[in-house]
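Overview (structure and organization)
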Amino acid sequence: MLEQIIAQPAWFWLCLGGLLLIAELLGAGGYLLWSGVAAVIMAFMTWLIPEMSWDWQGLLFAIMIILSVLGWRKRLSIRNKTLSDEPNQKQHQLIGIKARLISDTNNGYSRIRLADGSWRVFCSEQLSANTEVEVIDVDGITLKVKPVCSNQHDDQPDDQ
C-alpha cells in the first residue's frame, strides 16, 4: 500500500485534503480549513510535477498552510477595519446615508424612510418635506441630520 501512495502522490494529497475539509465541516472552527485547502493545492501541484520529492512536497505543504493563514488573517483585519467601531450599535452604520424627509420639521424633528421602516430625525434647521438630508450622528433612536447642499430650487417645479 505504501508503494501505491509513493507512486501516486496526487491522490494522497487529494484524499488528505478531502479528509481535512470534511473534518472542518464537523466543527473544527477553521483550524483545518487552510491545511485542507493547501493539501488540495498540493494534489494539483504533484499532478503537474509528479517527480517532486516527498521532502519538497512536505515543505511546500507547510509553506502553503502558513501563507494561506497569514493571507486570511490579513483579509480579515482589513475587513474588520471597515466595520463600525461599535459592533453592537448597528444604527451607527447609518452615518453618511442620504434620504428625504417625509414631513416638515416640527421643533427640529421629522422622519425619514430607510429600507422598510421610518426613523425619527433631528435637524437644528427648519426644513420642508422632501428635503434631502444626510445622517451625521446617532443619538439613541434619533438620527441627527443636516441638509444636503444642493440647488433645491432647481428640483421644484416652476408652477409653485
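Everything below is about the structure shown above.
Structural notes, computed from the coordinates.

Some remarks on the pairing of strand β2 (residues 109-114)
- Burial along β2 is one-sided: Ser110, Ile112 and Leu114 are buried, while Tyr109, Arg111 and Arg113, pointing the other way, are not.
- Connecting the antiparallel pair β2 and strand β3 (residues 117-122) is a turn made up of two residues, with Ala115 showing a positive phi of about 55°.

Points about the sheet that holds β2
- Read from one edge to the other, the open sheet built from five strands follows the order β1-β4-β5-β3-β2, with strand pairing classed as mixed. The sheet is open, and its two edges are formed by β1 (98-100) and β2, each paired on a single side. Across this sheet, the average inter-strand angle for adjacent strands is 50°, counted without regard to direction.
- Pairing geometry for strand β4 (residues 132-139) and strand β5 (residues 142-147), over six bridges, is antiparallel. From the neighbouring strand, Asp139 faces β5, where its bridge partner is Thr142.

What to know about unusual backbone geometry
- Positive phi, close to 55°, is recorded for Ala115, a residue that is not glycine.
- Within the secondary structure, Ala115 sits in the loop between β2 and β3.
- Residues other than glycine seldom take positive phi values, yet Asn130 does so here, at roughly 70°.

Conventions used here
Residues numbered from 1 in each chain as written. Predicted model: local features only at pLDDT ≥ 70, side-chain atom pairs only at ≥ 80, totals over all residues. Heavy atoms only, no water. Buried < 20%, exposed > 50% of the residue type's maximum accessible area, 1.4 Å probe, protein only. Helix = DSSP H or I, 4+ residues; strand = E, 2+ residues; numbered from the N terminus. Pairing = 2+ DSSP bridges. Axes fitted to C-alpha atoms, helices over the stretch in contact; angles between N-to-C directions.

So yeah, pure geometry; function would need other evidence.
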